[in-house]
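Chain residues, written in single-letter form:
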Amino acid sequence: MTYTFKLARRLAVSRPLGMLPAILLFAACSGGDATAPDSSPVQPWNSGSHVDPRFRQTIPTTVGVVPSKVTVETNQLIRFEALGKNSAGDSVAPVVEWSATGGTILPDGRFSAAATGTFMVFAVTRAPREEERIDTASVEVVRRQVKLSAIEVSPGTTTLAPGLNQTFLATGYLKNGRPVPIGANWSATGGSVDAGGNYVAGDTAGTYRVIATNPTLSLSDTALITITAPPSPPPAGSPEPAPEPTPEPAPEPTPEPAPEPAPTLAQVVLKPGTSTLAPATTRQFTTFGRTTTGDSVAVNVVFAATGGTINANGLYTAGSTAGNYRVIATSGAVADTSAVTITQPLGSGPATGIPFGPYAAWSGTSLKPYTDNFTGTIGAVTASTIVATINEARSKGVRLILAMTGGGHENYMSVINGVMQFDYAKWKAKMDSYNTAAIKDAVARGVADGTIVANNVMDEPNVNGGGDGNTWGPSGTMTKVRVDGLCGYVKTMFPGLPAGPAHTHNAFEPDKSYRVCDLIIDQYHTRKGEITAWRDAGLALARRDGHSIAFSLNTLSGGFQAVRDGNWYCDPVTTGGRGTYDPHCRMTPQQIRDFARILGPNGCALVMWRYDSAMMADPAYQQAFKDVAAMLAGMPAKSCRRS
């Protein structure tokens with residue numbers, strides 16, 4: 001049947017009879033060349049206001065988003081799907097536009113988010129001449145837990161009839177047993193499960209598994225699903241009783257399928273894998289098992305150690321003899337081992353007190369003259385000398401704040417986009433020079449026995465301006481987020497080493513917070529105002545942001561100053577004489593004592609800017625340094641780590 005004939009027929013039955021001749025004439029004049037096959041596409045709508053009924057069958061009257069609620073981890077990719085039904089109740093594939101209140105969602109429904117939070121996902125249909133349909137889903141983005149020891153799927157077992165559904169939940173557990181929310185990748189060996197853990201039973205009876213795997217693919221757990229056989233259909237109507245059938249021989253019974261073998265324990269995992277401890281210190285070890293099906297399960301183990309002691313709950317206590325030892329966890333025929341290093345204690349005994357000392361007190365791997373009164377130092381090191389410096393400090397009973405990427409700003413500056421500014425590649429290259437097994441071992445030992453207090457990643461990131469060698473570049477070049485990235489890079493190389501920058505607490509983005517850096521090195525001079533109020537403001541910011549403070553005194557240029565007749569003048573009674581820079585003055589020995597008494601007990605260290613041979617050789621200053629060191633040595637030690 002030609003297209004023109006069909007068109008003429010439709011017009012004939014839908015128009016007044018008076019139009020029939022014209023219609024027939026139109027059909028006759030069209031000729032055979034204007035034909036179209038019966039399978040030609042039908043336009044979804046005509047020139048009038050009514051939608052073609054055949055197209056209407058594909059238009060969803062309802063639309064739903066699957067999953068409707070889901071928990072994911074940061075940067076975990078999942079896919080949302082849109083399901084629709086038409087007016088007849090049939091399933092149709094709706095064409096939707098996706099959007100979200102946070103994160104990123106692609107046109108095909110794939111979603112991910114770099115920040116935590118709870119967001120809404122929207123699916124909106126755009127069918128022509130029809131009212132749009134919309135549905136939403138809720139997605140909670142949680143931070144990725146890097147210290148998970150196990151995950152658990154609940155419920156662990158369930159029985160469903162074909163077509164029924166069950167929502168499963170995956171929960172993570174840290175080493176201390178605390179439950180935490182996690183994202184999961186879901187799969188099933190029968191039936192179907194969506195990205196939110198919503199399972200729909202298939203039509204085939206049997207026993208199946210639903211599997212949840214964390215996004216890093218390191219842990220998994222399963223739940224068992226039993227799908228029951230559908231009930232037999234009821235008899236149709238009420239027929240006359242049928243005659244008794246001739247009995248037939250009973251069929252041979254079908255043997256029951258052999259049950260799947262129960263999963264068995266295949267592996268014991270002992271955490272942490274390595275530890276470095278000082279004598280008499282403790283470390284908690286934890287275990288979990290993996291089955292032959294890949295599930296993470298709780299496991300009962302027997303602990304043992306080749307040095308030190310470990311109790312039945314996995315609490316290890318280091319012995320008094322330095323060396324390399326092993327902790328073993330055994331369950332039946334499977335076991336796992338962790339390496340334990342017990343380090344030598346500080347040469348002066350246990351690491352107690354608050355370290356006190358100047359910047360730049362080292363000449364190569366030797367301490368400079370007049371440093372016997374100090375219990376700590378801070379300053380730059382190099383990859384070729386750092387191990388020897390750590391060993392020398394240990395033998396002298398001196399604690400270290402390292403500055404692996406220390407030195408002048410010009411060491412890490414380049415012309416970038418025509419402007420002199422901080423060059424991360426240079427900074428990273430210097431940090432990478434320490435990435436050797438020998439240095440990592442030396443630093444781990446130094447942190448464990450208290451020789452190393454922290455690492456300074458950058459000096460005064462707040463100094464911006466003209467982009468010359470004394471600044472980090474134009475304003476905005478350095479931010480707390482960027483400095484956090486430097487601290488994070490240090491921690492990838494030295495996981496136990498506290499790291500942070502040196503700057504006055506209120507001089508660098510005080511309305512923002514560090515999230516990774518452990519501490520700031522916060523320097524005082526008299527131009528910053530009354531010292532007690534200044535100290536309290538710094539401690540309040542540290543409490544707000546969860547980091548520590550190592551206080552610092554600018555002894556060379558931080559004393560009271562006076563200008564006489566417009567000239568640089570430092571009163572010989574109230575100051576220690578001319579400072580390093582015009583018009584600053586040095587602190588007096590008594591000012592050093594007084595300021596140290598206010599700041600020292602409140603920080604994890606007290607340092608000074610900087611080693612000066614004339615000041616160090618002055619008996620009055622030597623006595624002041626000795627007094628401060630003795631005062632701080634008798635106080636409880638404080639950690640420079642984040643709280």
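For every chain, the first residue of the written sequence is number 1, and numbering continues from 1 along that sequence. Only residues with pLDDT of 70 or above have their local features reported here, since the model is predicted, and side-chain atom pairs are shown and tallied only from 80 upward, although totals for entire chains, interfaces and linings are computed over all residues. Only heavy atoms go into the side-chain values, all of them from the structure, while hydrogens and water stay out.

This next bit is on the confidence of the model for the protein chain. pLDDT expresses how confident the predictor is about each individual residue, on a scale running from 0 to 100. A residue-level look at the protein chain finds 83% of positions with pLDDT of 70 or above and a mean pLDDT of 84. Here, two residues are considered to be in contact whenever any of their heavy atoms come within 4.5 Å of each other. Contacts for the low-pLDDT stretch residues 345-351, under 50 throughout, to residues beyond four places or in other chains number 16 contacts.

What follows covers the pattern of salt bridges. When a carboxyl oxygen of Asp or Glu lies within 4 Å of a side-chain nitrogen of Lys or Arg, that pair is called a salt bridge. One pass over the structure, following the stated rule, counts 14 salt bridges. Across the pair Lys-396 and Glu-392 runs a salt bridge whose closest N-O atoms are separated by 3.9 Å. Linking Lys-396 with Glu-392, this pair stays in helix 4 (residues 386-396), spanning four residues, or about one helical turn. Relative accessibility decides the category of a residue: with a 1.4 Å probe and only protein chains considered, values under 20% of the type maximum give buried, values over 50% give exposed, and everything between is partly exposed. Owing to a relative accessible area of 25%, Glu-392 belongs among the partly exposed residues under this scheme. Between Lys-491 and Asp-518 there is a salt bridge; the shortest N-O distance is 2.4 Å. Here a helix means four or more residues in a row that DSSP labels H or I, a strand means two or more in a row labelled E, and each is numbered from the N terminus.

With that settled, consider the nonpolar core. A general tendency of soluble globular proteins is for nonpolar side chains to be buried together. Residues Met-404, Val-443 and Phe-494 are the most contacted members of the largest nonpolar core, which totals 63 residues. The greatest single-element share of this core, amounting to six residues, is contributed by helix 7 (residues 480-493). Leaving out residues up to four positions away in the same chain, Met-404 has contacts with Val-381, Ile-386, Tyr-412, Lys-430, Met-431, Tyr-434, Val-443, Asn-455, Asn-456, Phe-494 and Leu-497. In terms of nonpolar packing, the next biggest core, distinct from the first, is built from 22 residues, Leu-148, Phe-168, Ile-227 and Phe-288 among them. Think of a nonpolar core as a cluster: buried Ala, Val, Leu, Ile, Met, Phe, Trp, Tyr and Cys residues, connected wherever their side-chain atoms sit within 4.5 Å.

As a volume, the second largest pocket reaches approximately 930 Å³. In this analysis, the protein atoms alone were mapped onto a 1 Å grid. Cavities are point sets where a 1.4 Å probe fits without being able to get out; pockets are open sets with protein on both sides within 12 Å along at least five of seven lines; lining residues have an atom within 4 Å of a point. In terms of lining residues, the second largest pocket is bounded by 48 residues, among which Tyr-359, Asp-459, Gln-523, Trp-609 and Arg-610 are the most central. Elements supplying a minimum of two residues to the lining of the second largest pocket: strand 32 (362-363), strand 34 (376-380), strand 35 (399-403), strand 38 (452-459), strand 40 (519-524) and strand 41 (548-554). Residue classes in the lining of the second largest pocket are distributed as 20 nonpolar, 23 polar and five charged. Grid points are joined across faces, edges and corners, and a volume is the space filled by probe spheres set on the points. For this classification, Asp, Glu, Lys and Arg are treated as charged, while Ala, Val, Leu, Ile, Met, Phe, Trp, Tyr, Cys and Pro are nonpolar and the rest, including Gly, are polar.

With that settled, consider the state of the cysteines. Formally, a disulfide is one covalent bond, and it connects the sulfur atom of one cysteine to the sulfur atom of another. Criterion for a disulfide: a pair of cysteine sulfur atoms at a distance within 2.5 Å. Throughout the structure, instances matching the rule amount to three disulfides. Disulfide pairing places Cys-487 opposite Cys-517 at an S-S distance of 2.1 Å. With the S-S bond torsion at 95°, the cross-link from Cys-487 to Cys-517 turns out right-handed. With Cys-487 in helix 7 and Cys-517 in the loop between strand 39 (499-502) and strand 40, this residue pair connects regions lying 30 residues apart in the sequence. Here Cys-570 connects covalently by a disulfide to Cys-585, the sulfurs 1.9 Å from one another. Given an S-S torsion of about -90°, the disulfide between Cys-570 and Cys-585 has left-handed geometry.

Before going further, it helps to spend a moment on unusual backbone geometry. Here the amide bond leading from Val-66 into Pro-67 is cis, since omega sits at -5°, within 30 degrees of zero. Along the polypeptide, Pro-67 turns up in the loop between strand 1 (62-66) and strand 2 (69-73). Cis peptide bonds are those with omega within 30 degrees of zero, and the linkage from Lys-271 to Pro-272 qualifies with -5°. Here Pro-272 is to be found in the loop between strand 21 (265-271) and strand 22 (274-277). Even without glycine at this site, Glu-460 takes up a positive phi of about 50°. Residue Glu-509 is not a glycine yet carries a positive backbone phi of 40°.

According to the stated counting rule, one finds one cavity of 30 Å³ or more in the structure shown. Volume-wise, the largest cavity comes out at about 30 Å³. Taken together, Pro-355, Gly-376, Thr-377, Arg-399, Leu-400, Ile-401, Val-453, Ala-605, Leu-606 and Val-607 form the lining of the largest cavity. Of all the secondary-structure elements, those providing two or more residues to the lining of the largest cavity are strand 34, strand 35 and strand 44 (606-609). Residue contributions to the lining of the largest cavity peak at three residues, all from strand 35. A breakdown of the residues in the lining of the largest cavity according to their chemical character gives seven nonpolar, two polar and one charged.

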